[in-house]
Amino acid sequence: MSDRRVIIVGAGPAGMSAALAMVRAGVRPLVIDDNPRPGGQIYRQPTPATQAVSTATKNPLVHEFLQQQDKFEWMVETTAWGIFPTRRLAITRHAQSDIVAAEHLLLAPGAYEYLPPFPGWTLPGVMTPGGAQSLVKSMGVMPGKRALVAGSGPFLLVVAEQLHRAGVEVPAVVEMAGTGEVWGALPRLLRHPRLLWEGAAYHRRLRRAGIPLLRGHVLIEARGAGEVREAVIAPCDENGNPDRGRTRTFAVDTICAGYGFVPRVQLAQMAGCRLLFVDAIGGWVPLVNDELETSATGVWVAGDGGGVAGALVAELEGALSGHAICRRLGAIDQGSYDRLCKPIQRQLARLAKFRAVLDRVFRIRPGLTTLADANTIVCRCEELARSEVEAGVAVGGTDLPTLKVMTRLGMGPCQGLMCWPATARLIAERTGRSVEAVGPWSPRPPIMPVTLGALIDNRPLLGENDTVKRDGITSR
Amino acid sequence: MSSSNREPAIAFDLANRSVTGTVKFTFDGQELRAHEGDTIAAAILATGERCLRVTSRRSEPRGLFCGMGVCFDCLVQVDGRPNVQACRTTVTNGMRVETQHGAGVVEPGP
C-alpha cells in the first residue's frame with residue numbers, strides 16, 4: 001500500500017480536465033482508468049488500426065491530457081473495485097492488485113446506459129446505442145446490416161447518424177417522447193442557441209438520410225430465434241404506455257435501445273457519501289456542495305458519475321473540483337480559486353437550466369415497467385424472470401438488499417448494475433411507493449470481478465506513463 | 001449526453017473487414033482475421049457472428065450488449081480461460097477464442 005496526495009478515478013472528460021487543472025497548479029495526481037486509452041466513453045479514442053485511416057482530429061482535451069502525461073501518474077487498464085476507510089482505494093491491473101490511499105479522492109466514473117427489460121432484450125443483436133457506437137466509432141465495425149434505434153434522448157440521433165454513415169441501414173429512430181412535448185420545450189431551449197443548433201443539425205442529417213424519427217413510440221419487443229430478427233414498436237401515451245392494438249414490426253438484425261444513463265455511484269457509496277435521489281439526472285447521486293465535495297471529507301465527485309449531464313458539464317465539473325482540491329492542498333490561493341471557478345460555476349448554472357428542460361422531455365416513464373412479461377429476464381446475470389422477482393417482492397423483498405438475498409438478483413458478475421434501476425421501479429410499482437422510497441442498491445466490494453490470483457499478487461502498482469505511447473496514440 | 005463528440009471518418013472497407021485484417025485468431029476452431037486494436041467482440045461481430053456465450057440456466061444465447069465492460073454478457077473463453085470480457089479484451093495473434101457455455105471450463109495449464 002502506498003499514499004498519494006490525489007487520486008482521480010476515471011479519465012473521461014471530468015477526470016481529464018481535473019487532472020489538467022491540478023497539473024497547472026503543480027499538483028501531481030494519480031489518474032487511473034480501466035480502458036487502454038483516455039477519453040472515457042464519450043471521447044473514446046480510435047484503435048491504432050482505425051487511427052491509421054481516420055481523418056478525424058483528436059479531441060482537444062484528450063490531446064492536451066496526453067501531452068501533459070509526464071506531469072501526472074497514469075495507470076491504464078486499472079480497475080477500482082472497492083473503497084475502504086479512509087479513502088483507501090482497492091485496484092487491480094493485469095492480475096495484480098494493490099490498495100492506494102489518498103488525501104483527496106476524486107471520483108469520475110461516468111455513467112452507463114439504462115435499458116429496462118422487455119421481451120427479447122437478451123437476444124444477441126440487441127445492444128445499447130453506446131455499445132453500437134463504440135464498434136463503429138473506434139473500430140470501424142458494423143454491429144449489423146439493419147438496425148432499429150429506439151429509446152429516448154438526443155443520444156439516439158447521434159448514434160443513428162453514425163450507424164448510417166458507417167453503412168448500416170437504419171429503418172427508423174423510435175423516440176418515446178411525443179412530438180408535442182419536444183416542440184413545447186423549444187422556447188425554453190432558445191437561450192442556448194449553440195446547443196439547440198447542434199440538435200437541429202442531427203435532425204437535419206437524419207432527414208437527409210431518409211431515416212424517419214417516430215416520436216411518441218416505444219419499442220415493445222425483440223423477436224428471433226438465436227438472434228434478433230424483428231423489432232416490434234407501438235405508439236405510446238405520455239406515460240409511455242404502449243397501445244398494443246397498433247403495433248408495427250420492422251425486419252432488422254440489430255436493435256440499439258437506451259433510455260438515458262445511470263450514474264456509477266458504487267464507489268461513492270462505499271466511501272460513505274450520502275446519496276440523494278434526483279430522478280431527472282439518473283436516480284441516486286452523491287450529495288455534493290458547490291465545489292463538488294461529497295459528505296465524506298476529501299471525497300469529490302465530478303461528471304456523469306455525480307448525475308448525468310453530458311460531456312460539456314463533466315469537463316467543467318472536472319476543472320471546478322480540480323481547482324477546489326488544489327486550493328484545499330494550498331497549491332492555489334483563494335483569489336486564484338475565485339478567478340478560475342466563478343466563471344465555471346456561472347456556466348454550469350446556465351447549462352443546468354438547459355439540461356433540466358431536456359431531462360424533463362426525455363424522462364423515464366412508468367409505462368416502461370409494463371413492457372416485461374412474466375417470463376422476461378430481469379436480472380441478466382442470474383437469469384431471473386420478472387415472475388421470480390415479483391414472487392420475491394410479494395414475500396417481503398420490498399427493498400433491493402433484501403430482494404438480493406432472497407432471489408440472487410444482482411449477485412452475478414455485473415453486481416446489479418444492469419438490473420437494479422429497473423427492479424427499483426418494479427418494486428415501487430408493486431408496493432405503491434415512490435422509487436426514492438424503495439431506496440438505493442447496496443454495493444459490496446468487489447464491484448467488479450477480481451480473481452483470487454490478483455488478490456494474492458498484492459504489490460505496489462506504479463504508474464505506467466509509457467503505455468499510451470506504446471499504443472502509438474501520442475504521435476501527432 | 002452531449003452530441004459534441006467528434007467521431008472519426010471511418011475509411012475501412014467495412015464489408016470486407018474480416019478478410020483484410022492482419023491479426024489471426026480462431027473462434028470455435030474457425031480461423032478469423034481482425035484489425036490491430038480490435039476487441040474480441042468487434043472482431044467476431046465483423047464476421048456476422050453474434051452469439052458469444054450460452055447461459056447456464058436457460059441455455060440461451062447472448063452477445064455483445066453494453067460494449068463498455070459493465071454488463072458481463074459477452075463473456076468468452078480465451079486460451080482455455082473462462083469469463084473473459086469480449087468487449088474489453090483486445091484480440092491478439094494466435095488467440096484461441098471459444099463460445100463460453102455456462103460457467104465455462106478452466107483448462108489445466110501447460
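Conventions used here
- Residues numbered from 1 in each chain as written.
- Chains lettered and ligands numbered in written order.
- Predicted model: local features only at pLDDT ≥ 70, side-chain atom pairs only at ≥ 80, totals over all residues.
- Heavy atoms only, no water.
- Pairing = 2+ DSSP bridges.
- Helix = DSSP H or I, 4+ residues; strand = E, 2+ residues; numbered from the N terminus.
- Phe/Tyr/Trp six-rings, centres within 6.5 Å; stacked < 30°, edge-to-face > 60°.
- Buried < 20%, exposed > 50% of the residue type's maximum accessible area, 1.4 Å probe, protein only.
- Lys NZ or Arg CZ within 6 Å of the ring centre and 35° of its normal.
- Contact = heavy atoms within 4.5 Å.
- Buried area = accessible area lost by both parts, 1.4 Å probe.
- Salt bridge = Lys/Arg side-chain N within 4 Å of Asp/Glu carboxyl O.
- Polar contact = N/O pair within 3.5 Å; in protein donor to acceptor, adjacent residues only side chain to side chain.
- Nonpolar A, V, L, I, M, F, W, Y, C, P; charged D, E, K, R; others polar.
- pLDDT = per-residue confidence, 0-100.
- Axes fitted to C-alpha atoms, helices over the stretch in contact; angles between N-to-C directions.
- Parallel < 35°, antiparallel > 145°, perpendicular 65-115°, else oblique.

Undergrad: Would you mind going over the sheet that holds strand S11 (residues 213–215) of chain A in detail, with residue names and values included?
TA: Residue and element names in this part refer to chain A. Across the sheet, which stays open at both edges, the five strands sit in the order S8-S15-S9-S10-S11 with parallel pairing between neighbours. Each edge of the open sheet is held by one strand with a lone partner, namely strand S8 (126–127) and S11. Note: S8 against strand S15 (residues 254–258), two bridges, orientation parallel. Following the sheet pairing, Val 126 is matched in S15 by Ile 255.

Undergrad: Let's hear about the packing of aromatic side chains: which residues, and what values?
TA: The geometry of two aromatic rings is summed up by the distance between their centres and the angle between their planes. Enumeration according to the criterion identifies seven aromatic pairs over all chains in this entry. Ring centres of Phe 277 of chain A and Trp 284 of chain A lie 5.1 Å apart, and the angle between their planes is 65°; this geometry places the pair in the edge-to-face category. Trp 284 of chain A shares its class with Phe 277 of chain A; the two are buried. Through pairs of rings, three or more aromatic residues link up here, namely Phe 65, Phe 72 and Trp 74 of chain A. The residue whose ring lies beneath Arg 204 of chain A is Trp 197 of chain A, and the NZ or CZ to ring-centre distance is 4.9 Å. The ring of Phe 65 of chain B is capped by Arg 380 of chain A, whose NZ or CZ atom sits 3.5 Å from the centre of that ring.

Undergrad: Pulling in residues and values, what's your account of the pairing of strand S1 (residues 23–27) of chain B?
TA: Side-chain positions along a regular strand alternate between the two faces of the sheet. Residues and elements named next belong to chain B. Taking every second residue as pointing to the same face, the buried face of S1 carries Val 23, Phe 25 and Phe 27, while none of Lys 24 and Thr 26 on the other face is buried. When S1 meets strand S2 (residues 30–34), the two strands line up antiparallel, connected through five bridges. Paired with Phe 25 across the strands is Leu 32, a residue of S2. The hairpin turn running from S1 into S2, its antiparallel successor, is two residues long, and Asp 28 in that turn takes a positive phi close to 50°. Looking at chain direction, S1 and strand S7 (residues 95–101) are connected through three bridges and run parallel. Across the sheet, Phe 25 pairs through a bridge with Met 95, a residue of S7.

Undergrad: Which residues make up the interface of chain A and chain B, and what values go with them?
TA: Taken together, the contact pairs 72 residues of chain A with 46 residues of chain B. With both chains or domains summed, chain A and chain B bury close to 5100 Å², and 57% of this area falls on carbon and sulfur atoms. Counting across the chain A and chain B interface gives four salt bridges. The salt bridge partner of Glu 227 of chain A is Arg 50 of chain B, with a shortest N-O separation of 3.3 Å. At the boundary of chain A and chain B, one finds 15 residue pairs in polar contact (both at pLDDT 80 or more). Put simply, the parts of the chain that give the side of chain A that touches chain B at least two residues each are helix H2 (48–53), strand S7 (111–113), S8, helix H4 (129–139), helix H5 (155–165), helix H7 (193–208), helix H9 (311–329) and strand S21 (384–385) of chain A. Tallied by class, the residues present in the side of chain A that touches chain B amount to 36 nonpolar, 22 polar and 14 charged.

Undergrad: Explain the confidence of the model for chain B residue by residue, including any values.
TA: Parts of the model with low pLDDT should not have their predicted coordinates read in detail. All names here are of chain B. For chain B, the mean per-residue pLDDT works out to 86, and 82% of the residues sit at or above 70. In the model, residues 1–13 has pLDDT below 50 throughout and makes 48 contacts with residues more than four positions away in sequence or in other chains. As a predicted assembly, this complex carries a pTM of 0.93 together with an ipTM value of 0.93.

Undergrad: Which residues make up the sheet that holds strand S13 (residues 230–235) of chain A, and what are the values?
TA: Residues and elements named next belong to chain A. Ordered by their spatial adjacency, three strands build an open sheet running S12-S13-S14, and the pairing between neighbours is antiparallel. The two strands at the open ends of the sheet, each matched to only one other strand, are strand S12 (217–223) and strand S14 (248–251). Neighbouring strand axes in the sheet, compared pairwise and without regard to direction, differ in orientation by 25° on average. The pairing of S12 with S13 spans six bridges and is classified as antiparallel. Looking at the pairing, Leu 219 lines up with Ile 233 of S13.

Undergrad: An account of the packing of helix H6 (residues 179–189) of chain A against helix H10 (residues 334–361) of chain A is needed here, citing residue identities and associated values.
TA: Residue and element names in this part refer to chain A. Between H6 and H10, whose axes approach to 10 Å, the crossing angle comes to 175°. Put simply, H6 runs roughly antiparallel to H10. On H10, the residues touching Glu 181, Val 182, Ala 185, Arg 188 and Leu 189 of H6 are Phe 354, Val 357, Leu 358 and Val 361.

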